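A structural walkthrough
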Amino acid sequence: MTELLPLVNQALTPFFAREKLWLAYSGGLDSQVLLHLLWRLREQASIAETPFPILNAIHINHQLQSPAGTWAAHCQRQCTDYDIPFTLRAVDVSGRRRGIEASARDARYREFEDVLREGDVLLLAHHLDDQAETLLLRLLRGAGVSGLAAMPIRRTLGSGELFRPLLDVPRASIEAYAKEYQLSWIEDPSNTDTHYRRNFLRQRVMPQLAEHWPDYRVGFGRAARLQAEAAQLLDEYIDADLRAMTADDASLDLASLAGLPEIRQRAILRQFIIQRSGLALASAQLDTIVSQFSAARSDSQPEFRLAGGSVLRAYRQRLFCGPALQVAVAPDCEWDIGRPLIIPGVGCISAEPEGDFVPLGALEIRFRQGGERCQLAGESHSRSLKKLLQEWQVPPWQREALPLIYCNGELAAIANIAICEGFRAQPGESGWNIRWEPETLT
């Protein structure tokens, strides 16, 4: 039998200096064993008078089965016996358009993210059999390299991190440990319902595999690790491409993109969209986007609407990803230049010392009404703001939300783009550096 205590102790060593560990505690076999292991490690640290993080358990009541309340009570009693603080969260996953399993998982992880603070680590009791099932499920769905990496042993989650210390441990070793220490755990009857795809694999398919390939779990686990390495390497190459093609305004250079092979275009676009919106698109959507934007004329402005309220827009051979709808511009407002001003639906304007802008009088933020003119610092005559914005290649959908800075009723600066005559610092004079951050979805 695998000696779980030294294995988990070694796996968790990098986290022993953290302030707090959280255990995702369902009360089932796997999390019950991990709870017991963590308790033993804490007891050993206490005896040896060595530091150990504060240990907490969190139980998510999905309210999907009638015994759910009884299960929560069982988990709370177990934590009381082990003197481990217990957090109970109830979620509602009924009426969701996605499948029950996916909706429950989403709700569960939202609660996990909510409790994690910076530096906290959430421990999950997924094991090698779970990893094998996940890999096979994703293969059946036609996943790519990232999907076939299955479950990572470690990743960021909200403000903290997620870690799976038992991911290389077969379920048989976990069962043997529970029997050796006479642990009691919850048996969820839905785990035998083969209507659910994972249960079907577990009950019908995996036993057949084990007859012919007894070590299939190890092989699947190795395959997932290799896919994870390949995905990481691929991401590094794509990120390098993306950085080279991304401008200061976070737009993507479509002309440079069009010069690459289509397979590379797809990879870069996928990464660009993930970074800007958090959406991972299906292959069919990527095909449409590649054909729509790579063939766009320099004077055209195509759009492609994505899920979650975001949209891709092209302007002068640059691709932008941002909110789908421009929120109605906020009314004019006063601004104390020493404090950031958040304008709901528009963005945040702020300023730092040692810049070129010198305010003369009370400051006010306004937005375009039409007909504005601006005499830029160093120029002898005023020009139409509309033409200036075109000259500066500000995308049309951003122009109405661009903050105009007025001093005593006179236009003094256009966001962080330009300063008007009379408001630029003279040699030896200290002014302000204006910063403008438009509101985005990410």
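Basis of the calculations
- Residues numbered from 1 in each chain as written.
- Predicted model: local features only at pLDDT ≥ 70, side-chain atom pairs only at ≥ 80, totals over all residues.
- Heavy atoms only, no water.
- Axes fitted to C-alpha atoms, helices over the stretch in contact; angles between N-to-C directions.
- Helix = DSSP H or I, 4+ residues; strand = E, 2+ residues; numbered from the N terminus.
- Left-handed = near helix turned anticlockwise from the far one by under 90°.
- Contact = heavy atoms within 4.5 Å.
- Nonpolar A, V, L, I, M, F, W, Y, C, P; charged D, E, K, R; others polar.
- Phe/Tyr/Trp six-rings, centres within 6.5 Å; stacked < 30°, edge-to-face > 60°.
- Buried < 20%, exposed > 50% of the residue type's maximum accessible area, 1.4 Å probe, protein only.
- Disulfide = S-S within 2.5 Å.
- Pairing = 2+ DSSP bridges.

This part covers the packing of helix 2 (residues 29–48) against helix 7 (residues 171–180). The N-to-C vectors of helix 2 and helix 7 enclose an angle of 60°; their axes lie 10 Å apart at closest approach. The handedness of the crossing between helix 2 and helix 7 is left-handed. Where helix 2 abuts helix 7, its residues Leu29, Asp30, Val33, His36, Leu37 and Arg40 lie against Arg171, Ile174, Glu175, Tyr177 and Ala178. Of the residues in the contact of helix 2 with helix 7, the class split is six nonpolar, one polar and four charged.

So, about the packing of aromatic side chains. Applying the stated criterion to the full structure yields six aromatic pairs. With centroids separated by 5.4 Å and ring planes inclined at 40°, the aromatic side chains of Phe16 and Phe52 adopt a geometry described as tilted. You can see Phe16 sitting in the loop between helix 1 (4–12) and strand 1 (20–24) and its partner Phe52 sitting in the loop between helix 2 and strand 2 (54–61), a full 36 residues away along the chain. Across this residue pair, the class does not change: Phe16 and Phe52 are buried. Measuring from ring centre to ring centre gives 5.2 Å for Trp39 and Tyr82, while their planes differ by 45°; the resulting arrangement is tilted.

This part is about the state of the cysteines. Here the structure, examined in full by the defined rule, presents zero disulfides. Cys75 takes part in no disulfide bond, and the closest cysteine sulfur to it belongs to Cys79, at a distance of 6.8 Å. With no disulfide partner, Cys374 has as its closest neighbouring cysteine sulfur the one in Cys420, 3.0 Å distant. Residue class for Cys374 comes out buried when judged on its relative accessible area of 2%.

What follows concerns the sheet that holds strand 12 (residues 341–343). One open sheet holds the three strands; their spatial order is 12-13-20, and the pairing between them is antiparallel. Strand pairing shows two members of the sheet lacking a second neighbour, strand 12 and strand 20 (431–438), which therefore form its edges. Between one strand axis and the next, the sheet turns by 25° as a mean value, whatever way the strands run. Of the pairings in the sheet, the one linking strand 13 (residues 347–355) to strand 20 comprises eight bridges and is antiparallel in character. Of the residues in strand 20, the one forming a bridge with Ser350 is Arg435.

Before going further, it helps to examine the sheet that holds strand 8 (residues 303–306). Spatially, the four strands line up as an open sheet ordered 7-10-9-8, and their pairing is antiparallel. Unpaired on one side and paired on the other, strand 7 (252–253) and strand 8 mark the two borders of the sheet. The pairing of strand 7 with strand 10 (residues 318–323) spans two bridges and is classified as antiparallel. Paired with Leu252 across the two strands is Leu319, which belongs to strand 10. Taken strand by strand, helix 11 (residues 262–277) contacts strand 7, strand 8, strand 9 (310–315) and strand 10, and its axis lies near 35° from that of strand 10.

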